Amino acid sequence: SQKIEQNSEALNIQEGKTATLTCNYTNYSPAYLQWYRQDPGRGPVFLLLIRENEKEKRKERLKVTFDTTLKQSLFHITASQPADSATYLCALYNFNKFYFGSGTKLNVKP
Amino acid sequence: DAGVTQSPTHLIKTRGQQVTLRCSPKSGHDTVSWYQQALGQGPQFIFQYYEEEERQRGNFPDRFSGHQFPNYSSELNVNALLLGDSALYLCASSWTSGGTDTQYFGPGTRLTVL
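Everything numeric here is computed off the predicted structure, so don't read it as measured data.

A. Examining the overall build of chain A more closely. Within chain A one finds 0 helices and 11 strands. Here the C-alpha radius of gyration of chain A, 13 Å, is about what a compact globule of 110 residues would show, namely 13 Å. Considering only C-alpha atoms, chain A reaches an extent of 40 × 30 × 20 Å along its principal axes. Considering chain A as a whole, with its 110 residues, one finds that 44% of them fall into the buried category. At a minimum sequence separation of 6, the contacts of chain A that also span at least 24 residues come to 54%. Accessible surface, chain A as shown: approximately 5600 Å² in total, 46% of it carbon and sulfur.

As structure tokens, then:
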């Protein structure tokens, strides 16, 4: 089955810097990949979707890249703010199923 | 426009009991997916319902079953509860007929099995 790896260690950065989160997957390349934000005790919130034939997607301060050769997606938050502090999940869609990584916790310090 | 709602918010059961969780999808959505999220882990796909049928299923035993009603709301049933079933159960809705893949999650139901 599909396996998704996200850095389990928290990422600590200073306000105003760019945060970069990594999502690696094994086995099959997904039809598309999604990034979600999850705050403690709440359900994930959809942020961005990128398809296998797309290299890059942007939305305001967010950018996601997708490299099917490396089997990797990178998620960037530019000009980070303390309000961006949360756990970020990547999810792959393959064969009509969704596979989630365990998430990376981002801490943005003022 | 109400988003995805789930009930109850919290639930405490003992081993061997049965539980039913409920989900109402976002207005206009026709597909409901259920996930189990253990502490510190990502959501694990249980199954998805579309047009009142189970369309896809993850690696969960038959103790986990579901249903979708004509109004697109859904239930998740878990029989013979085990301690390991303690988790946050998330429901997500999407609009398959509209050709979009975006999932909207509810706040979840926290199930504790003692």
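From this point, the discussion proceeds with the structure in view.
B. Geometry of the side chain of threonine 65 of chain A. Residues and elements named next belong to chain A. With respect to the element layout, threonine 65 can be found in strand β7 (residues 62-67). We classify threonine 65 as buried; its relative accessible area is 18%. With residues up to four places along the chain from it excluded, the contact list for threonine 65 reads Ile50, Lys55, Glu56, Gln72, Ser73 and Leu74.

C. Summary view of the state of the cysteines. All names here are of chain A. What the rule picks out here adds up to 2 disulfides over all chains. Each sulfur in the disulfide pair cysteine 23 and cysteine 90 lies 1.9 Å from the other. Disulfide cysteine 23-cysteine 90: torsion about the S-S bond near 55 degrees, hence right-handed. Separated by 67 residues along the polypeptide, cysteine 23 in strand β3 (residues 19-25) and cysteine 90 in strand β9 (residues 86-94) bring together distant segments of the chain. For the pair shown, cysteine 23 and cysteine 90 are each scored as buried.

D. Quick look at the environment of leucine 49 of chain A. Its location among the elements puts leucine 49 of chain A in strand β5 (residues 45-51). With 53 residues separating them along the chain, leucine 49 of chain A and serine 102 of chain A place their C-alpha atoms 18 Å apart. Contact partners of leucine 49 of chain A, with chain neighbours within four places excluded, come to Tyr32, Leu33, Gln34, Glu54 and Lys57 of chain A together with Asp101 of chain B.

E. Fine view of the interface of chain B and chain A. Listed by partner, the interface residues are 20 residues for chain B and 19 residues for chain A. Summed over both sides, the interface between chain B and chain A buries roughly 1500 Å², with carbon and sulfur atoms accounting for 52% of that surface. Inspection of the chain B/chain A interface yields 0 salt bridges. Summed over the shared surface of chain B and chain A, the number is 3 residue pairs in polar contact (both at pLDDT 80 or more). Counting only elements with at least two residues in the side of chain B that touches chain A, the list comes to β4 (31-37), β5 (44-50), β6 (53-57) and β9 (87-94) of chain B. With 3 residues, β5 of chain B is the single largest residue contributor to the side of chain B that touches chain A. Grouping the amino acids of the side of chain B that touches chain A by side-chain chemistry returns 7 nonpolar, 11 polar and 2 charged.

The rules behind these values
- Residues numbered from 1 in each chain as written.
- Chains lettered and ligands numbered in written order.
- Predicted model: local features only at pLDDT ≥ 70, side-chain atom pairs only at ≥ 80, totals over all residues.
- Heavy atoms only, no water.
- Helix = DSSP H or I, 4+ residues; strand = E, 2+ residues; numbered from the N terminus.
- Rg over C-alpha atoms; globule rule 2.2 N^0.38 Å.
- Buried < 20%, exposed > 50% of the residue type's maximum accessible area, 1.4 Å probe, protein only.
- Contact = heavy atoms within 4.5 Å.
- Areas by Shrake-Rupley, 256 points an atom, 1.4 Å probe, with all protein chains shown as cover.
- Disulfide = S-S within 2.5 Å.
- Buried area = accessible area lost by both parts, 1.4 Å probe.
- Salt bridge = Lys/Arg side-chain N within 4 Å of Asp/Glu carboxyl O.
- Polar contact = N/O pair within 3.5 Å; in protein donor to acceptor, adjacent residues only side chain to side chain.
- Nonpolar A, V, L, I, M, F, W, Y, C, P; charged D, E, K, R; others polar.

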